[in-house]
Amino acid sequence: GLALRSAILELSPPAPGFRPDEQAARVEIKWPNDVQIDGSKVAGILGRVLGPRAGELSCVVGTGVNITLQADELPTQQATSLALSGMLPARQAELLPAYLSEFVARLEALREARGDAVASGAHGELSDVCSTLRARVAATLPSGEVLHGFATELTPEGHLVIRSDDGETRAVAAGDVERVRPENGV
């Protein structure tokens with residue numbers, strides 16, 4: 001997500017009325033695998049660890065980006081596209097190479113840090129741009145349990161820490177997380 005966010009920001013012209021820092025603030029990561037612009041999903045990323053192969057851990061990563069979709073073509077009302085958000089790169093064909101370059105650079109930083117997300121900078125960068133943090137959430141866990149609470153932090157392993165309504169703190173490794181309004185409307 002961080003690699004794709006960087007590629008989008010690198011290639012997209014400033015949207016009308018936005019300074020570069022404001023443009024960057026518009027693009028966030030929704031834990032665990034979505035890139036959002038202004039709170040709407042512009043891309044989804046799924047990964048699957050395949051296990052060790054030739055002495056290396058291998059995985060497959062799939063990424064889908066809504067580039068030129070118009071409003072009537074979007075898969076959900078919570079989605080957007082680079083075109084609709086005013087962030088369509090002038091040279092769309094450069095988005096994939098820029099994304100892959102950023103992805104490889106981040107993998108190399110993680111490898112050099114021996115898998116330490118904090119030392120590689122990935123943990124801090126993601127914590128800074130994660131739209132899920134500091135928000136009230138409902139997390140549907142793989143078991144079907146729904147955890148309501150406040151997303152407080154990301155662990156170095158990438159788990160989302162949620163302080164539930166009963167005060168218990170849990171680290172969630174997987175699930176579907178949505179931002180929700182408090183029941184009292186505040």
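Structure report, in brief. (Residues numbered from 1 in each chain as written. Predicted model: local features only at pLDDT ≥ 70, side-chain atom pairs only at ≥ 80, totals over all residues. Heavy atoms only, no water.)

1. Focus: the overall build of the protein chain
Each helix and strand in the protein chain was counted, giving 5 helices and 9 strands. For the protein chain, the C-alpha radius of gyration of 17 Å lies close to 16 Å, the compact-globule estimate for 186 residues. Across its three principal axes, the protein chain shows a C-alpha extent of roughly 50 × 50 × 30 Å. Per-residue burial for the protein chain yields a buried fraction of 35% across its 186 residues. In the protein chain, the share of contacts with a sequence separation of at least 24, taken over all contacts with a separation of at least 6, comes to 47%. Summed over its atoms, the accessible surface of the protein chain is roughly 10900 Å², and 53% of this surface lies on carbon and sulfur atoms. (Helix = DSSP H or I, 4+ residues; strand = E, 2+ residues; numbered from the N terminus. Rg over C-alpha atoms; globule rule 2.2 N^0.38 Å. Buried < 20%, exposed > 50% of the residue type's maximum accessible area, 1.4 Å probe, protein only. Contact = heavy atoms within 4.5 Å. Areas by Shrake-Rupley, 256 points an atom, 1.4 Å probe, with all protein chains shown as cover.)

2. Some details on the sheet that holds strand S1 (residues 27–30)
Here 4 strands make up an open sheet; going across it, the order is S1-S2-S3-S4 and the pairing antiparallel. The sheet is open, and its two edges are formed by S1 and strand S4 (56–65), each paired on a single side. Within this sheet the neighbouring strands show an average axis-to-axis angle of 25°, counted without direction. Pairing of strand S3 (residues 40–53) with S4 involves 10 bridges; the strand directions are antiparallel. In the sheet register, arginine 53 faces S4, and the bridge partner there is glutamate 56. Taken strand by strand, helix H1 (residues 2–11) contacts S1, strand S2 (34–37), S3 and S4, and its axis lies near 165° from that of S1. Sitting on the sheet, helix H3 (residues 95–112) is in contact with S3 and S4, with an inclination near 150° to S4. (Pairing = 2+ DSSP bridges. Axes fitted to C-alpha atoms, helices over the stretch in contact; angles between N-to-C directions.)

3. Considering the pattern of salt bridges
Enumeration according to the criterion identifies 11 salt bridges in this entry. Salt-bridge contacts for arginine 106 lead to glutamate 102; the nearest nitrogen and oxygen are separated by 2.5 Å. With arginine 106 and glutamate 102 both in helix H3 and 4 residues apart, the pair spans about one turn of that helix. Its relative accessible area of 22% is what places arginine 106 among the partly exposed residues. As a salt-bridge pair, arginine 136 and aspartate 165 come within 2.9 Å of each other at their nearest N and O atoms. Linking arginine 136 in strand S5 (residues 135–140) with aspartate 165 in the loop between strand S7 (160–164) and strand S8 (169–172), this pair joins segments that are 29 residues apart in sequence. The exposure class assigned to arginine 136 is buried, which follows from its relative accessible area of 18%. (Salt bridge = Lys/Arg side-chain N within 4 Å of Asp/Glu carboxyl O.)

4. Concerning the packing of H1 against helix H5 (residues 122–129)
Between two packed helices, both the angle of their axes relative to each other and the distance between the axes serve to describe the pair. It is the contact of H1 with H5, at a shortest axis distance of 11 Å, that shows an interaxial angle of 65°. In terms of orientation, H1 lies roughly perpendicular with respect to H5. Pair H1 / H5 crosses with left-handed handedness. When H1 is examined against H5, the residues Leu2, Arg5 and Ser6 are found in contact with a partner set consisting of Ala122, Glu125, Leu126 and Val129. Considered class by class, the residues forming the contact of H1 with H5 number 4 nonpolar, 1 polar and 2 charged. (Parallel < 35°, antiparallel > 145°, perpendicular 65-115°, else oblique. Left-handed = near helix turned anticlockwise from the far one by under 90°. Nonpolar A, V, L, I, M, F, W, Y, C, P; charged D, E, K, R; others polar.)

5. With respect to the side chain of serine 164
Considering the arrangement of structural elements, one finds serine 164 in strand S7. The buried category is assigned to serine 164, whose relative accessible area is 8%. Setting aside chain neighbours within four positions, we find serine 164 in contact with Leu147, His148 and Gly149.

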